[in-house]
Structures are given as structure tokens and as C-alpha cells.
Amino acid sequence: MSRFLIERLRPLEEYVPGEQPRDKKYVKLNTNESPYPPSPSVIAAINAESAADLRLYSDPTGLRLKKALAGYYGVGAENVFVCNGSDEALSFFFAAFCGTDVPINCPEISYGFYPVFAQYYGTPYNAVPMEDDLSVDHRRFLGVKGHIMIANPNAPTGIALSPDEIKEILESDPDRLVCVDEAYVDFGAQTALPLLADHPNLVVVRTYSKSRSMAGARLGFAFAAPEIIADLEKIKYSTNPYNVNRLTQSAGEAALLDGEYYRENCRAIIRDREFTVSELKKLGGVLTPSTANFIFVRFPGKDGGEIYHALKERGVLVRHFGLERIKDYLRITIGTREECAVLIAELKNILGGKNE
Ligand SMILES: *Cc1c(COP(=O)(O)O)cnc(C)c1O
């Protein structure tokens, strides 16, 4: 830290992304990326882009991409916001609607970025307690003061609320915004998007990073009422109007031509999740019911950190969080069937091969 960093930012504890190691080749199951490449149309669209055109700015309105998303999801283009990864939509949500003025309410254990944004923007943060089984009881959100941000399915548990439960939260107070972060919704949960028509206090945030295999392209989007979208645009035009680069805008549009390719990938990931869950149960694993492209598992009597390190030594990278309540859990991304098989084989070695 330099002596120039302003006072307000000195205590800020920044978000720590999952490792992207370069030292050796891992079976990489730590950051919820897709094990599959982007679809043929995406690769064709990127190849068709002229590098020479990179001298030109990208379209700051993102209109072609917005229209394509609107058509694909059955909403109006004025209901769509596009951004540099969904983290940017979340950040702009805090900037536009919370600031230091309006508190944010999030599940006690959820996406680690939420409390970081709150700290960065000076937003009062309320961690809403979770149940013993790490599920979220939506009724705990009905009386809270301020806006709400929920990952659905939640991270790192993978547990999802139903649209009816989201609806009840939305209707408990129409003067509060409910931001539903649907980064993992394509892996088996139900989207809140159909609620948008009747609930102008809903913001649905999506990403190309997980189910559409484009984490490195940085593309996110959000759906909301037109005046909410206009407020997000206001923040964008006040900070970084060209937030989505040319290649990514083209790729994002092209991906929508290959819906079936991505749905098939999601089906494969769901199948491999079910396979992995049943194998881990045979090894004594206790899991939360995940509808995401990752699972959350602990082995009673075993230390989560130790298993994490043992797996890493054997070339399998998973995610371990230091938070007291979940310190014995591992969050494991579902890779290809072969990668899942390597994980299971290494866990068998580490745990002694038997269910005690
Ligand atoms: C991965 C993830 C995001 C961020 O995705 P990007 O679009 O890559 O910025 C947002 N929310 C949750 C819950 C995530 O897990």
C-alpha cells in the first residue's frame, strides 16, 4: 500500500479470485469455468473480426447484442443491459442504487464479491442468517430494510430458491430492489425472468462466463425495467462507455445462434454432477443439493483445508474458503467426465479408499 491510497480505501479487503496457476497443468476444478469450448458460431465470429478494426471503438450502446439477447429471452431491448462480465452489473447496481445511502441484504454465505462491493461503495451490509443446512429461508428477507442481492442458485452451496419464493420477496415491498444473480441458472434451477413483466423492482443478472464458456471474454448482462436499465447506463457512461470490446460483442451475439450446443453442454455437466455426487457419497461425502456447475462437499471428521492441499499436490485444483462456517467444505467445479473421474480417484487415495 502506498502512502497515497486514500483513507477510505485503506481497510478495503479486496476480492480474491480463484487461482489461475501457471506453474503446472492442473485438473482445474476451482473457478466454475466450463470444460467445453465456445460454440462454432462464436469461433467463426471471432475469426471473422478484423484485427485492423480494433483501431475503432466498440459500439457503446451494444445495441446489436442487446437486440439479440432481447430476442433470445423474449424481452424488449430496453430491458437489457450489457457489461464487462456480470461483476460489472453487480458493481453498477451498488453504485446506482445503494451507495452509502441504502443498505444491501445478502445471504450470510454467498458470492464473496457482494461484501467487497459493499465495503468499496460504503454500503451498509446486512448478512441475513442461513439455516443449519446452509439453505436460504426466503422469509428472512421479507422484512429487511434496503435492497436485496441473492445469487440463485446460491454460491458456493448451489442451492436455489424457487420463482415463487423470489416472487414473495419482490411483493413484500415494491419499493425495494431485488437483484437475482443467475450466474448458474442454466444448470438446473428456474429463472426469475418471467417475473419481470409484473415486477419493476426485479433485476436479473446473467453471465456468459459459466454456461456459455466465455469467462475470458468478459461478458455479462442484466434484465430489468427500462428505467432501471437507464440508471445502470448512467453509471456506465460516467465510468467506462466502451465497457464491452468489439470481439466480445460479436462473440456474444454469435453464441445465441447456438442455443442447442450450450444446452447440450449443460445437460452433460448436469449428468456429470449427478455422477460425481453419487461417487462422493460413496466416499462418505456430505453435500448440499446443488443445481449449479459445482458441488459443495465435506467429509465428516476431515479437515477441508487438508484435503484441498492434498488434492493440489496431486494436480487437482478445487476451491476452499477460510470462512469458519464452511471451512470443512470444498467447492468443486464439474469438469468433463474424465476430470471428475480423476478427482474421485485422487479423493479415494487421500481418504484411504473407504467410507469409514
Ligand atoms: C462467476 C460469478 C459471477 C461473475 O461472473 P463474471 O460474469 O465472470 O463477472 C457473478 N456472480 C456469481 C455468483 C458468480 O459465481
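S.K.: Now, about the overall build of the protein chain: what can you tell me, with residues and values included?
M.R.: Secondary structure summary: the protein chain contains 10 helices and 12 strands in total. Its C-alpha radius of gyration of 21 Å places the protein chain within 12% of the 21 Å reference for a compact globule of 356 residues. Its C-alpha atoms give the protein chain principal-axis dimensions of about 55 × 50 × 50 Å. Looking at the protein chain as a whole, 53% of its 356 residues qualify as buried. For the protein chain, long-range pairs separated by at least 24 residues make up 71% of all intrachain contacts whose partners lie at least 6 apart in sequence.

S.K.: Which residues make up the nonpolar core, and what values go with them?
M.R.: Among the nonpolar cores identified, the biggest contains 44 residues, and Leu-69, Leu-202, Tyr-208 and Phe-223 are the most heavily contacted of them. For this core, the element with the highest residue contribution is helix H2 (residues 63-73), accounting for four residues. Looking at this core, you find at least three residues from each of domain 1 (7-37 + 260-350) and domain 2 (42-258). What Leu-69 contacts, discounting residues up to four positions off in sequence, is Val-80, Val-82, Tyr-208, Phe-221 and Leu-256. Listed in part, the 34 residues of the second largest apolar core include Ala-155, Val-277, Tyr-308 and Val-318.

S.K.: Help me get a handle on the packing of aromatic side chains, residues and values and all.
M.R.: Using the criterion set out here, one finds 19 aromatic pairs in the structure. Arranged with centres 5.2 Å apart and planes meeting at 65 degrees, the rings of Tyr-73 and Phe-223 form a pair that is edge-to-face. One end of the pair, Tyr-73, is in helix H2; the other, Phe-223, is in strand E8 (residues 220-223), with 150 residues separating them in the sequence. Phe-223 sits in the buried class, given a relative accessible area of 0%. Summarising the aromatic geometry, the rings of Phe-94 and Tyr-121 are spaced 6.3 Å apart at their centres and angled 5 degrees between planes, so their arrangement reads as stacked. Taken as a pair, Phe-94 in helix H3 (residues 86-98) and Tyr-121 in helix H4 (residues 113-121) lie far apart in primary sequence, 27 residues in all. Among the aromatic side chains, those forming a connected cluster through ring pairs are Tyr-15, Phe-94, Tyr-111, Phe-113, Tyr-114, Phe-117, Tyr-120 and Tyr-121. A cation over an aromatic ring shows up here: Arg-8 above the ring of Tyr-120, its NZ or CZ 5.7 Å from the ring centre.

S.K.: Before we move on, could you go through the pattern of salt bridges and cite the residues and values that matter?
M.R.: The tally for this structure, following the rule as stated, stands at 18 salt bridges. Linking Arg-263 and Glu-260 is a salt bridge whose minimum nitrogen-to-oxygen distance equals 3.2 Å. In this pair, Arg-263 and Glu-260 are both assigned in helix H8 (residues 259-282), three residues apart and thus about one turn of the helix distant. For Glu-260, a relative accessible area of 42% puts it in the partly exposed group. Note that Glu-260 is salt-bridged to Arg-267, the shortest N-O span being 2.6 Å. One network of salt bridges, with partners in common, ties together Glu-260, Arg-263, Glu-264, Arg-267 and Arg-271.

S.K.: Lay out the site of the ligand with the relevant residues and their values.
M.R.: Lining the immediate surroundings of the ligand are Gly-85, Ser-86, Asp-87, Tyr-111, Asp-181, Ala-183, Tyr-184, Thr-207, Ser-209, Lys-210 and Arg-218. Interatomic distance of 2.6 Å between a backbone N/O atom of Ser-86 and an oxygen atom of the ligand. Measuring from an oxygen atom of the ligand, one finds a backbone N or O atom of Asp-87 at 3.0 Å. When isolated, the ligand has an accessible area of 390 Å², and the protein chains bury 93% of it. Its residues assigned to classes, the shell around the ligand shows three nonpolar, four polar and four charged.

S.K.: Give a detailed account of the environment of Thr-123, specifying residues and quantitative values.
M.R.: Here Thr-123 lies in the loop between H4 and strand E4 (125-128). In this structure Thr-123 comes out as buried when scored by relative accessible area, which is 6%. Not counting residues up to four positions away in its chain, the partners in contact with Thr-123 are Phe-94, Cys-98, Gly-99, Val-102, Pro-103, Ile-104 and Ala-118. There is a polar contact of 2.6 Å between the side chain of Thr-123 and the backbone oxygen of Gly-99.

S.K.: How would you explain the sheet that holds strand E9 (residues 286-287) if you had to name every residue and give the values?
M.R.: Taking strand neighbours across the sheet as the criterion, the three strands line up as E9-E10-E12 in an open arrangement whose pairing is antiparallel. Because the sheet does not close on itself, it has two edges, and the strands there are E9 and strand E12 (329-333). Examined bridge by bridge, E9 and strand E10 (residues 294-298) share two bridges and lie antiparallel to one another. Paired with Val-286 across the two strands is Arg-298, which belongs to E10. Seen against the sheet, H8 touches E9 and E10 and runs at an angle of roughly 5 degrees to E10.

S.K.: Tell me about the side chain of Arg-212, and please be specific about residues and values.
M.R.: As for its position among the elements, Arg-212 is in the loop between strand E7 (202-207) and E8. Put simply, Arg-212 is tucked away with no salt bridge, and the nearest opposite charge, on Asp-186, sits 5.1 Å away. Excluding anything up to four places from it in sequence, Arg-212 contacts Tyr-72, Tyr-73, Phe-221, Ala-255, Leu-256 and Tyr-262.

S.K.: Provide a residue-level description of helix H9 (residues 304-313), including the pertinent values.
M.R.: Looking at H9, one finds that the buried residues are Gly-304, Gly-305, Ile-307, Tyr-308, Ala-310 and Leu-311. Taking the backbone nitrogen of Gly-305 as reference, a side-chain oxygen 3.0 Å away marks Asp-303 as the first, capping residue of H9. Of the residues trailing H9, Gly-315 is marked for its positive phi of about 90 degrees.

Rules used in this analysis
- Residues take numbers from 1 onward in each chain, read along the sequence in its written order.
- pLDDT decides what is reported in this predicted model: residues at 70 or higher carry local features, side-chain atom pairs at 80 or more are listed and counted, and totals for whole chains, interfaces and linings draw on all residues regardless.
- By convention in this description, side-chain values take in all heavy atoms of the structure and omit both hydrogens and water.
- Counting from the N terminus, the helices are DSSP H or I runs at least four residues long and the strands are E runs at least two residues long.
- Using C-alpha atoms as the atom set, the radius of gyration is obtained and then compared with a globule rule of 2.2 Å times the number of residues to the power 0.38.
- The buried label goes to any residue with under 20% of its type's maximum accessible area, the exposed label to any with over 50%, and the partly exposed label to all in between, with areas taken from a 1.4 Å probe on protein chains only.
- Contacts are assigned to residue pairs with any non-hydrogen atoms lying within 4.5 Å of each other.
- Take the buried residues of types Ala, Val, Leu, Ile, Met, Phe, Trp, Tyr and Cys, join any two whose side-chain atoms come within 4.5 Å, and each joined set is a nonpolar core.
- Segmentation of the chain into domains, including their bounds, is taken from an automatic or database domain assignment.
- Only centres within 6.5 Å qualify two rings of Phe, Tyr or Trp (six-membered ring in Trp) as a pair; their planes then separate them into stacked at under 30 degrees, edge-to-face at over 60, and tilted for everything else.
- Whether a charge sits over a ring comes down to the Lys NZ or Arg CZ being within 6 Å of the ring centre and within 35 degrees of the ring normal.
- Basic side-chain nitrogens of Lys or Arg form a salt bridge, by our definition, when they fall within 4 Å of a carboxyl oxygen of Asp or Glu.
- One heavy atom within 4 Å of a molecule or strand is enough for the residue carrying it to be called near that molecule or strand.
- Between N or O atoms, a polar contact is any pair within 3.5 Å; within protein, one atom must be a potential hydrogen donor and the other a potential acceptor, and residues adjacent in sequence are included only when both atoms are from side chains.
- Each accessible area is a Shrake-Rupley estimate made with a 1.4 Å probe; only the visible protein chains count as cover when residues are assessed.
- In the scheme used here, Gly and all other residues not listed as nonpolar or charged are polar, with Ala, Val, Leu, Ile, Met, Phe, Trp, Tyr, Cys and Pro taken as nonpolar and Asp, Glu, Lys and Arg as charged.
- A pair of strands counts as paired when DSSP detects no fewer than two bridges linking them.
- Lines fitted to C-alpha atoms define the axes, with helix axes restricted to the stretch in contact, and inter-axis angles between N-to-C directions lie between 0 and 180 degrees.
- Residues scored as charged are limited to Lys and Arg (positive) and Asp and Glu (negative), so that His and the chain ends carry no count.

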